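In case you want the letters, here they are:
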Amino acid sequence: MNQNFDIIIVGGGAAGFFTAINIVEKNPKLKVAILERGNEVLSKVRISGGGRCNVTHACFEPNELVKFYPRGEKELRGPFHQFCSGDTVEWFSNHGVELKIEDDGRMFPVSNSSQTIIDCFLQATQKLGITVFTGQSVQSIFKKDNFWKIETQNKNYIAEKLILATGSNPKIWEMLQTFGHAIVNPVPSLFTFNIKDARIKELPGVSAMVSVKVKDTKLASTGPLLITHWGMSGPAILKLSAWGARILAEKNYQFTIFVNWLNDIEAGDAEKILKNLKQEHAKKGVSKKSPFDFPNRLWESLVLASSISEETKWADLSKIQLQNLIHQLTNSSFQVNGKSTFKEEFVTAGGIDLKEINFKTMESKLHENLFFAGEIINIDAVTGGFNFQNAWTSGYILANSL
């Protein structure tokens, strides 16, 4: 027995719900259903942002916003001019959810709970008469005449228009390949670096503003770096992981990074600063207090790594020790052996080739009445609410085009 709808949305996540709500708000007569393979909808929303849901980012200029997307920068410029972060804030406000901006630009519900976003979506779907089916794992998709037929393990659905909002789902990608769509192979995009090194072993929780480079590549970033029990994390590292997703995968996550703990101070300037300190603080111990804007514990570790003992005074610093210290401060080398998932937010680079999508409508260029929303396509972003913004924008544009 087939169940008939005007529109079927496969994927009960953020992109699927947002798209469905916008479609029916614009055209209440449409019969829309959401199919979710799990027993619970919006599970990724629940855990995102440490359970607070990082809804978007306070970057309100489309041409600036696109710079946070290693894949999709060019394609999203037009869509962001139609629906940007400010529109997201307004949309949620109109649906009873106020957002707040944190110091780093991330935006969360004022309630500090992802449940607020889940409730907002569930109440809207109920009010609009959108049908939600859980436990519906799609087994096959057919195109017959002007209709799409979706078979799950226990039901069949027929719809004139099909929207896929399944995120990084290899099974759905395989089905799309049978329809002629090219899939860019997925690789992890947001991850932290596993590093075992005596210099940072005792420093979990210490952070500093740094610049980082990956050896033998053009990959470089600046920003806060956080030392962890397993190595290094923080925005500087996550930016490298996002922009270097494919390069670092090819290296099998075995590579060398260079860290400048002084961020924008180069070796020559560092030498002048240290020589001044040598004169001004001649009788003081070198390792006692950090003369730079980072924690004393880190300074002490870098001093010891420069073959300078705890008792050494500035006056007794040899030429070689001074050069060692300059090197440790501005060009510390660390061997990365593997990666770890960044918190619970597993983001991948990969998905439907961007050349096969019309970004004015989010429709497939290969098949009429087949649309895409969210992370199913080869777009991903750094952490900070940007991946959700892609979901909201693609869902809005899709709803508008329908």
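Throughout what follows, the structure given in this document is the object of discussion.

Core analysis: the biggest nonpolar cluster contains 84 residues, and Ile8, Phe121, Leu164, Leu176, Ile377 and Trp392 have the highest contact counts within it. Not counting residues up to four positions away in its chain, the partners in contact with isoleucine 8 are Ala33, Leu35, Ile150, Tyr157, Ala159, Lys161, Leu162 and Ile163. Formed by 43 residues, the second largest nonpolar core is a distinct cluster that contains Tyr253, Leu277, Leu302 and Leu329.

Our next topic: helix 6 (residues 114-128). Under the 1.5 Å per step criterion, the end-to-end length of helix 6 is 22 Å for 15 residues, consistent within 8% with the ideal 21 Å. Of all the residues in helix 6, the buried ones are Ser114, Ile117, Ile118, Cys120, Phe121, Ala124 and Thr125. Across the axial projection of helix 6, the buried residues extend over an arc of 160 degrees, all falling on one side. Opposite its buried face, helix 6 presents the exposed residues Gln123, Gln126 and Lys127, each directed more than 90 degrees away. Lining the buried residues of helix 6 we find helix 1 (14-26), helix 2 (43-51), helix 5 (85-94), strand 5 (106-109) and helix 13 (386-401). Measuring from the side-chain oxygen of the N-cap residue of helix 6 to the backbone nitrogen of glutamine 115 gives 3.1 Å; that N-cap residue is serine 113. One or two positions beyond helix 6, positive phi appears at glycine 129, with a value near 75 degrees.

Looking now at the pattern of salt bridges. In the structure shown here, the tally under the stated rule is 15 salt bridges. For aspartate 104, the salt bridge identified is with arginine 106, shortest N-O distance 2.8 Å. Residue classification places aspartate 104 among the partly exposed residues on the basis of a relative accessible area of 46%. Close ionic contact of lysine 149 with glutamate 151 constitutes a salt bridge, the shortest N to O distance being 3.7 Å. Looking at glutamate 151, the relative accessible area reads 23%, which means it is partly exposed.

Relative to strand 9 (residues 156-164), strand 1 (residues 2-10) is paired through eight bridges, and the arrangement is parallel. By the bridge assignment for strand 9, asparagine 4 is matched with isoleucine 158. Looking at chain direction, strand 1 and strand 2 (residues 32-35) are connected through four bridges and run parallel. By the bridge assignment, isoleucine 7 is partnered in strand 2 with valine 32. One crossover worth recording links strand 1 to the parallel strand 2 by way of helix 1, and it is right-handed.

Bringing the packing of aromatic side chains into the picture now. Within the structure shown, the criterion is met by 25 aromatic pairs. Ring geometry for phenylalanine 18 versus tryptophan 392: centroids 5.1 Å apart, planes at 50 degrees, classification tilted. Residue phenylalanine 18 is found in helix 1, and its partner tryptophan 392 is found in helix 13; the two are separated by 374 residues along the sequence. For the residue pair phenylalanine 18 and tryptophan 392, the accessibility class agrees, reading buried in each case. Ring plane angle 25 degrees and centroid distance 4.4 Å describe the contact between phenylalanine 83 and tyrosine 396, whose orientation is recorded as stacked. Of the two residues, phenylalanine 83 is situated in the loop between helix 4 (73-82) and helix 5 and tyrosine 396 in helix 13; the sequence distance between them amounts to 313 residues. Among the residues examined, phenylalanine 83 registers a relative accessible area of 3% and is labelled buried. On the basis of relative accessible area, tyrosine 396 is assigned to the buried category, the value being 18%. Grouped by ring-pair contacts, the aromatic residues Phe17, Phe18, Phe83, Trp91, Phe92, Phe121, Phe388, Trp392 and Tyr396 constitute a single cluster. The cationic tip of arginine 199 hangs over the ring face of phenylalanine 334; the distance from NZ or CZ to the ring centre is 4.0 Å. Cation over ring: lysine 339 sits above tyrosine 253, and NZ or CZ is 5.0 Å from the ring centre.

With that out of the way, let us pick up the sheet that holds strand 3 (residues 56-57). Ordered by their spatial adjacency, three strands build an open sheet running 3-5-4, and the pairing between neighbours is antiparallel. Single-partner strands in this sheet number two, and they are strand 3 and strand 4 (99-101). Where strand 3 lies against strand 5, two bridges are found, and the strand directions are antiparallel. Within strand 5, the residue paired with histidine 57 across the bridge is arginine 106.

A word on the packing of helix 1 against helix 13. A pair of packed helices can be characterised by two numbers: the angle between their axes and the separation between those axes. Viewed as axis vectors pointing N to C, helix 1 and helix 13 meet at an angle of 30 degrees, and their least axial separation amounts to 8 Å. Relative to helix 13, the element helix 1 lies roughly parallel. Judged by the twist between their axes, the crossing of helix 1 over helix 13 is right-handed. Within the contact between the two elements, helix 1 uses Ala14, Ala15, Phe18, Thr19, Asn22, Ile23 and Lys26 and helix 13 uses Phe388, Ala391, Trp392, Gly395, Tyr396, Leu398, Ala399 and Asn400. Of the residues in the contact of helix 1 with helix 13, the class split is ten nonpolar, four polar and one charged.

Rules and cut-offs
Residues numbered from 1 in each chain as written. Predicted model: local features only at pLDDT ≥ 70, side-chain atom pairs only at ≥ 80, totals over all residues. Heavy atoms only, no water. Core = buried A, V, L, I, M, F, W, Y, C linked by side-chain atoms within 4.5 Å. Buried < 20%, exposed > 50% of the residue type's maximum accessible area, 1.4 Å probe, protein only. Contact = heavy atoms within 4.5 Å. Helix = DSSP H or I, 4+ residues; strand = E, 2+ residues; numbered from the N terminus. Expected span 1.5 Å × (residues − 1). Arc of directions from axis to C-beta. Polar contact = N/O pair within 3.5 Å; in protein donor to acceptor, adjacent residues only side chain to side chain. Salt bridge = Lys/Arg side-chain N within 4 Å of Asp/Glu carboxyl O. Pairing = 2+ DSSP bridges. Right-handed = clockwise from strand over helix to strand, strands pointing away. Phe/Tyr/Trp six-rings, centres within 6.5 Å; stacked < 30°, edge-to-face > 60°. Lys NZ or Arg CZ within 6 Å of the ring centre and 35° of its normal. Axes fitted to C-alpha atoms, helices over the stretch in contact; angles between N-to-C directions. Parallel < 35°, antiparallel > 145°, perpendicular 65-115°, else oblique. Left-handed = near helix turned anticlockwise from the far one by under 90°. Nonpolar A, V, L, I, M, F, W, Y, C, P; charged D, E, K, R; others polar.

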